[in-house]
Each structure stands twice: as structure tokens, then as C-alpha cells.
Amino acid sequence: MRKPLNSPFNPGSDSVPEIWAGRTAQLSDWRDVVRPRRLAGLPERGRTILGEAGLGKSALVRRIAKEASAAGDWVTPQLRVPSGADPLKLLAAAMLALAEAAGLASAREQRIRAALDRVQAVAVSGISLTIRQADGPEPYAALTELLVEIGRAAIGRGNLVLIHIDEIQNIQDAAVLSQLLIALGDALAHEVEVEAPGGVLVSRTLPIAVYLTGLPEFLEMAGARSGATFARRFQTVTLVAIDDDELTAALQPFVIEGWAVPDDAGGMTRVRMEPGAVEAIAELCCGEPFLFQLAGERAWYADIDDVITRPQVLAGWETARSEAASHVERILQRLPAKELDFVEAMAALPVSDRTLTQIAKRMGSDKASDLGPTSQRLDTARGIVERGRPYTFRHRAVEAYLTSDWPDVPKG
Ligand SMILES: Nc1ncnc2c1ncn2[C@@H]1O[C@H](COP(=O)(O)OP(=O)(O)OP(=O)(O)O)[C@@H](O)[C@H]1O
Ligand SMILES: [Mg+2]
């Protein structure tokens with residue numbers, strides 16, 4: 001029997017969703033590139049994963065962290081930066097916990113003790129350390145130093161150190177952001193000498209991987225303030241909607257075998273989904289992971305029997321409409337005025353007329369070139385439009401909201 005207690009759908013939680021769709025490129029980047037290269041001592045940049053709200057940035061790196069942890073890596077918890085908070089304190093506290101895991105806390109070496117003491121001070125005072133101790137080491141230097149020690153310990157143990165900082169767009173203080181990026185960037189670039197077989201000394205990077213996640217606004221903050229260093233040391237990916245066939249594939253276990261849930265008699269039963277139900281969920285959620293979980297959850301709640309049908313998906317979605325609409329409205333509201341005008345003008349045009357010239361005209365301007373930076377930001381930084389001939393929407397929920405009755409369900 002279906003009940004809220006046994007629903008595998010989970011909209012709006014940061015935990016790794018039980019029903020996982022897509023993101024294969026990012027997962028294999030971790031499995032096949034980032035982890036093996038850093039373990040082998042090869043240079044490999046940190047990763048910045050950006051995207052509009054609800055696209056699954058946090059969930060993706062949580063999943064990566066879970067895999068890393070299962071492989072024996074030392075992993076920080078997801079370090080969420082609250083608005084206005086000092087992330088150096090957060091990172092320092094996480095580093096101390098990693099040092100503990102690495103067995104450094106009991107180290108007798110003076111060098112390591114001193115590094116731990118300095119990071120302890122950062123954990124307490126954060127950036128204000130810079131202001132108080134004008135001639136002491138800067139917080140970033142202390143953090144890098146300890147990271148390097150943890151990295152050395154990881155080499156000895158053959159595992160990796162994974163750091164995940166989330167909501168990085170909340171770091172508004174330029175000095176803090178630059179200290180943070182330098183501390184992490186320096187640790188990523190740091191090389192140590194190790195003895196290769198045969199006794200030759202070779203230099204290698206430390207087995208450290210860094211993931212930063214947050215809203216696209218971060219790109220401009222980091223670009224303007226710490227531009228070159230940031231771009232050299234971090235590779236940025238902007239997440240976009242998940243393809244329908246990936247969503248369908250994620251629901252396939254429901255179609256073929258059914259999803260196992262406890263029955264009322266102490267045993268197990270299976271909840272199935274009609275192919276028409278799968279199709280309806282994929283259609284309604286427009287590739288948005290958050291809406292995918294929401295549509296699934298509402299379909300699950302729509303009845304209690306063991307088969308989820310298309311009418312149940314539609315009935316469930318009825319109760320999700322206002323939440324789905326606010327999801328998109330929140331994204332639109334965060335857009336700067338000119339970008340919002342742009343997507344609205346674009347949406348108002350017939351599909352084949354969506355050229356830069358036509359969009360500019362609709363916005364009351366003769367010069368398409370004025371819109372260059374706006375359209376570029378909407379494309380590369382935000383993943384909302386695609387500058388083709390004609391322009392198309394990459395954010396399918398924004399498109400559906402602006403150009404159709406969605407999230408209303410068509411009758412019949
Ligand atoms: N690959 C995925 N497959 C299925 N569901 C997913 C996937 N990624 C994320 N989700 C679900 O989508 C919802 C939003 O994910 P998440 O919180 O990670 O998004 P986000 O990009 O971090 O959003 P925000 O910008 O608001 O922090 C969650 O309910 C999560 O379970
Ligand atoms: Mg998030």
C-alpha cells in the first residue's frame with residue numbers, strides 16, 4: 001500500500017534522492033577524471049557546479065560525496081554558506097574534523113601542531129583574523145597549510161580528500177571570497193615530492209578534490225573579483241534541465257519490476273507505474289529535478305493501490321500546480337530586469353521569429369547588439385536560453401510557464 005511514509009520521492013530535500021535521473025556526464029567526470037587523476041597525483045582543476053534553483057546541484061555533489069565516502073575517502077559534510085556568514089570559519093572547522101580523521105590531531109610533529117593551532121584560530125575568528133593580526137599569517141595561508149598536511153596523510157593512506165562548499169553565491173565579501181578561493185586553489189596546485197619505485201623523487205599534486213556549488217550569480221562575483229586565478233583553478237559547469245528519456249529511465253524500475261514497499265502484513269509488495277503515468281510525470285516536470293520529485297510524490301499520494309496510473313499523476317499534479325508555478329516565478333524574480341524583459345519578449349514571439357533582432361525590437365530597441373551581454377548571460381551563465389538561429393529555451397519550465405497554460409493540466 002502506498003502511503004507518505006514509504007514514498008521514495010523527495011522534493012526539496014538535500015539528501016541524495018532514491019530515484020535518480022541523469023547527470024551522467026557530471027558523475028562520470030568525477031569517477032573517470034577527477035578522482036583517478038587526483039589520486040594519481042596529476043593536476044586537475046576543482047569543479048564549480050552552477051545552475052538555477054532546483055536543478056540538483058546540491059544533490060549531485062552529495063551523491064558524489066557519498067560515493068567518495070563509500071570508497072574510503074575523507075569527505076567534508078556539505079558546507080552550506082548561510083547568507084552573510086564567514087565561510088572561512090566553516091571551512092576551518094571542517095578541516096579540523098578532517099585532520100582528526102586523518103589522525104593528525106595526535107601528531108607530535110611541531111609543524112603539524114602549529115598548523116592545527118593556526119586553523120583553530122581561523123575556526124574561531126574567520127576573516128576577522130586578518131584585521132586583528134596584521135603581521136600574522138593570513139587565514140588562507142593557515143588553511144592551505146593544513147590542507148596540504150591532510151593531503152600528505154591521504155597520500156600515505158591511498159585515499160582522497162573531498163571538499164564540498166554549497167551556496168557559494170552567499171559569499172558576498174570580496175576579501176573572504178578571495179581568501180577562500182586562494183586557500184583551495186593553492187592546495188589544489190600544491191606539489192609535493194614523493195619517492196617513486198626505484199627511489200627516484202617525483203613531484204605530484206595532492207589527492208584533494210574541491211566542488212563548489214551555487215547559483216549562477218557566483219560566476220560574476222568570482223570573475224570580477226578573483227578572475228584569472230578562479231578560472232585557472234576551477235572548471236565551471238552550468239546544469240540544465242534533465243532530458244525526458246533520462247527521467248523515463250529513472251522511473252523504469254517502477255514499470256518493469258515495481259518499487260518494493262512494505263505491505264500491511266509484515267511482508268513486501270511492489271508499486272508499479274503504467275507507462276502512461278511515467279510519460280505524464282516526465283512531461284509535467286519539464287526536466288526540472290525538483291518538479292520531477294514533486295510530480296512523483298503527488299502521484300504517489302494520489303491513491304493507495306499498487307499501480308500508479310496516468311489519471312493519478314494528473315490528479316496529483318493538480319495539488320502541485322501552485323508550488324510548480326512558484327518554483328518558476330522564483331527563478332524569474334531573481335533575474336535582473338533586463339534579463340527578465342528579454343525572456344518575456346522572446347516568449348511572446350512565435351518560435352521561428354525568436355532572433356536577436358526581433359527580440360530587441362519587441363523590447364523597444366533597434367540595436368540587437370545592445371542585447372549581446374544579456375543574451376550571453378542567459379545562455380552561458382544561466383542555461384535559460386540557447387542562442388541559436390532562432391533562439392530557443394533551454395529551461396523548459398520557464399518556457400512552459402511563459403508560453404502555455406502550464407502548470408495547468410490539459411483536460412482529457
Ligand atoms: N539527478 C536527480 N534525479 C532526481 N531527482 C533529483 C536529481 N537531482 C536533484 N533532484 C531532486 O531535486 C530537488 C532539488 O535538488 P537540489 O536541492 O539538489 O537542487 P539545487 O540545485 O541545489 O537547488 P537550490 O539552488 O535551491 O539549492 C531535490 O528534491 C532533489 O531530490
Ligand atoms: Mg542546493
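Since the structure is predicted, the reported quantities are computational estimates derived from the model, not experimental observations.

Enquirer: Could you give me a rundown of the overall build of the protein, with the residues and numbers involved?
Expert: What the protein contains, in helices and strands, is 17 helices and 13 strands. Based on the C-alpha atoms only, the size of the protein along its principal axes is roughly 75 × 70 × 45 Å. Total accessible area on the protein is roughly 18,100 Å²; 52% of this is exposed by carbon and sulfur atoms.

Enquirer: Mind laying out the environment of Gly151, listing which residues take part and the relevant values?
Expert: Mapping Gly151 onto the fold places it in helix α6 (residues 139-157). Taking the C-alpha atoms as reference, Gly151 lies 6.3 Å from Ile208; in sequence the two are 57 residues apart. Setting aside chain neighbours within four positions, we find Gly151 in contact with Leu206, Pro207 and Ile208.

Enquirer: Can you tell me about the nonpolar core, naming the residues and giving the values?
Expert: Counting 58 residues, the largest nonpolar core has Leu251, Met273, Leu291, Phe292, Trp317 and Trp406 as the members making the most contacts within it. Three or more residues apiece are contributed to this core by two domains, here domain 2 (242-319) and domain 3 (336-403). Of all hydrophobic cores here, the second largest spans 51 residues; its members include Ala142, Val148, Ile168 and Met221.

Enquirer: Break down the environment of Ser28 for me, with residues and values.
Expert: Take Ser28: it is sitting in helix α1 (residues 24-39). For Ser28, a relative accessible area of 29% translates into the label partly exposed. Remark: the alpha-carbon pair of Ser28 and Ile64, spanning 36 residues in sequence, is separated by 9.9 Å.

Enquirer: Give a detailed account of the pattern of salt bridges, specifying residues and quantitative values.
Expert: Considering all chains together, one arrives at 25 salt bridges under this definition. In this structure, Glu52 engages Arg382 in a salt bridge whose closest nitrogen and oxygen atoms are separated by 3.3 Å. In this pair, Glu52 is assigned in the loop between β1 (46-50) and α2 (57-70) and Arg382 in the loop between α16 (372-381) and β12 (385-386), connecting sequence segments 330 residues apart. Residue classification places Arg382 among the buried residues on the basis of a relative accessible area of 6%. The salt bridge partner of Arg80 is Glu167, with a shortest N-O separation of 3.1 Å. Pair noted here: Arg80 is in strand β3 (residues 79-80) and Glu167 is in the loop between β4 (161-166) and α7 (174-189), with a separation of 87 residues, a long-range link. Classification of Arg80 by relative accessible area gives partly exposed; the value is 43%. Members of the salt-bridge network, linked through shared partners, are Glu52, Glu217, Arg334, Glu339, Arg377 and Arg382.

Enquirer: Give a description of the site of ligand 1 that names residues and reports values.
Expert: Around ligand 1 sit 24 residues, and of these Asn10, Gly12, Ala21, Lys57 and Ala59 come closest. Separating an oxygen atom of ligand 1 from a backbone N or O atom of Leu55 is a distance of 3.3 Å. In this structure, Lys57 approaches ligand 1 through a side-chain N or O atom, which is 2.7 Å from an oxygen atom. Out of a free accessible area of 630 Å², ligand 1 has 90% covered by protein chains. Listed by contribution, the elements that provide at least two residues to the shell around ligand 1 are α2 and α11 (289-301). It is α11 that contributes the most residues to the shell around ligand 1, four residues altogether. Its residues assigned to classes, the shell around ligand 1 shows 13 nonpolar, seven polar and four charged.

Here is what the cut-offs are and how they apply
Residues numbered from 1 in each chain as written. Chains lettered and ligands numbered in written order. Predicted model: local features only at pLDDT ≥ 70, side-chain atom pairs only at ≥ 80, totals over all residues. Heavy atoms only, no water. Helix = DSSP H or I, 4+ residues; strand = E, 2+ residues; numbered from the N terminus. Areas by Shrake-Rupley, 256 points an atom, 1.4 Å probe, with all protein chains shown as cover. Contact = heavy atoms within 4.5 Å. Core = buried A, V, L, I, M, F, W, Y, C linked by side-chain atoms within 4.5 Å. Buried < 20%, exposed > 50% of the residue type's maximum accessible area, 1.4 Å probe, protein only. Domains from an automatic or database assignment. Salt bridge = Lys/Arg side-chain N within 4 Å of Asp/Glu carboxyl O. Near = heavy atom within 4 Å. Polar contact = N/O pair within 3.5 Å; in protein donor to acceptor, adjacent residues only side chain to side chain. Nonpolar A, V, L, I, M, F, W, Y, C, P; charged D, E, K, R; others polar.

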